[in-house]
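Working through the structure, step by step
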Amino acid sequence: NALSDAQGITTLFQDWGAGTVPYCVPVLFESAQARDSTRQALIASQVYPPVHWSLNQAEWDLAAALSRRILSLPCDHRYGVADMRRIASVLTQHVLTII
């Protein structure tokens, strides 16, 4: 919810079904550079988001291009509400500096 109105941030899912428990929030950026820059800002703030689905195969050009723009924000059982608010804050503050 903290990212729903954030400028420059697109979450791939805005609604999680009843009873679901996501392990990450996939965020789509406008470019690979924006994704990588944001990832480094999160790491500098001691948030370690993994990059899933990194593709490099030429025959999958569209999928590979999309994979370079997605960042997975961890949100599983290890994190509480305060942790998620901090991640959202770091993310939105950084994204506002690059858009």
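As the structure is a computational prediction, the values presented were derived from the model and not from experiment. Counting restarts for each chain: residues are numbered from 1 in the order of the written sequence. Side-chain atom pairs in this predicted model are given and counted only at pLDDT of 80 or more, local residue features only at pLDDT of at least 70, and totals for whole chains, interfaces and linings cover all residues. The side-chain values count all of the structure's non-hydrogen atoms but skip hydrogen atoms and water molecules.

1. Side note on the confidence of the model for the protein chain
Reading predicted coordinates in detail is not appropriate for stretches of low pLDDT. Taken residue by residue, the protein chain gives an average pLDDT of 85. The fraction at 70 or more is 93%. The secondary structure element of the protein chain with the lowest average pLDDT is helix α2 (residues 61-67), at 83, and the one with the highest is helix α1 (residues 32-44), at 93. Confidence of the predictor at the level of single residues is captured by pLDDT, which takes values from 0 to 100. Secondary structure elements are taken from DSSP: a helix is a run of H or I of four residues or more, a strand is a run of E of two residues or more, and numbering for both begins at the N terminus.

2. Regarding the nonpolar core
Buried Ala, Val, Leu, Ile, Met, Phe, Trp, Tyr and Cys residues form a nonpolar core when they are joined through side-chain atoms within 4.5 Å. To sort residues, take the accessible area from a 1.4 Å probe on protein chains only and compare it with the maximum for the residue type: under 20% means buried, over 50% means exposed, and anything in between is partly exposed. Core analysis: the biggest nonpolar cluster contains 17 residues, and L3, I9, V27, F29, L42, L73 and L91 have the highest contact counts within it. Of all the secondary-structure elements, those providing two or more residues to this core are β2 (24-28), α1, β3 (70-74) and α3 (81-98). In terms of residue count, α3 provides more of this core than any other element does, five residues in total. The residues touching L91, leaving out its near neighbours within four places in the chain, are L3, I9, F29, T38, L42 and L73. Any two residues having at least one pair of non-hydrogen atoms within 4.5 Å are treated as being in contact.

3. Focus on the sheet that holds β2
Whether two strands pair comes down to DSSP finding at least two bridges between them. In spatial order, the strands read β1-β2-β3; together these three strands make up an open sheet with antiparallel pairing. The open sheet has two edge strands with one neighbour each: β1 (10-11) and β3. Direction of pairing for β2 relative to β3: antiparallel, over a ladder of five bridges. In the strand pairing of β3, L28 is matched with I70.

4. Looking at the layout of surface pockets
We place a 1 Å grid over just the protein atoms. Points where a 1.4 Å probe fits but has no way out form a cavity, open points with protein on both sides within 12 Å along at least 5 of 7 lines form a pocket, and any residue with an atom within 4 Å of a point lines it. Grid points are joined across faces, edges and corners, and a volume is the space filled by probe spheres set on the points. One number sums up the size of the largest pocket: a volume of about 580 Å³. Looking at the largest pocket, it is lined by 21 residues, and the ones nearest its centre are N1, A2, L3, V25 and M84. Broken down by element, the residue count for the lining of the largest pocket peaks at five residues, all from α3. For this scheme, ten residues count as nonpolar: Ala, Val, Leu, Ile, Met, Phe, Trp, Tyr, Cys and Pro. Four count as charged, namely Asp, Glu, Lys and Arg, and the remainder, Gly too, count as polar. Tallied by class, the residues present in the lining of the largest pocket amount to 13 nonpolar, five polar and three charged.

5. Things to note about the pattern of salt bridges
By convention in these notes, a salt bridge is any Lys or Arg side-chain nitrogen within 4 Å of a carboxyl oxygen on Asp or Glu. One pass over the structure, following the stated rule, counts two salt bridges. Taking the shortest distance from any N to any O, the salt bridge between D36 and R35 comes out at 2.8 Å. Residue classification places D36 among the partly exposed positions, given a relative accessible area of 36%. The residue R78 makes a salt bridge to D76 at a minimum N-O spacing of 2.6 Å.

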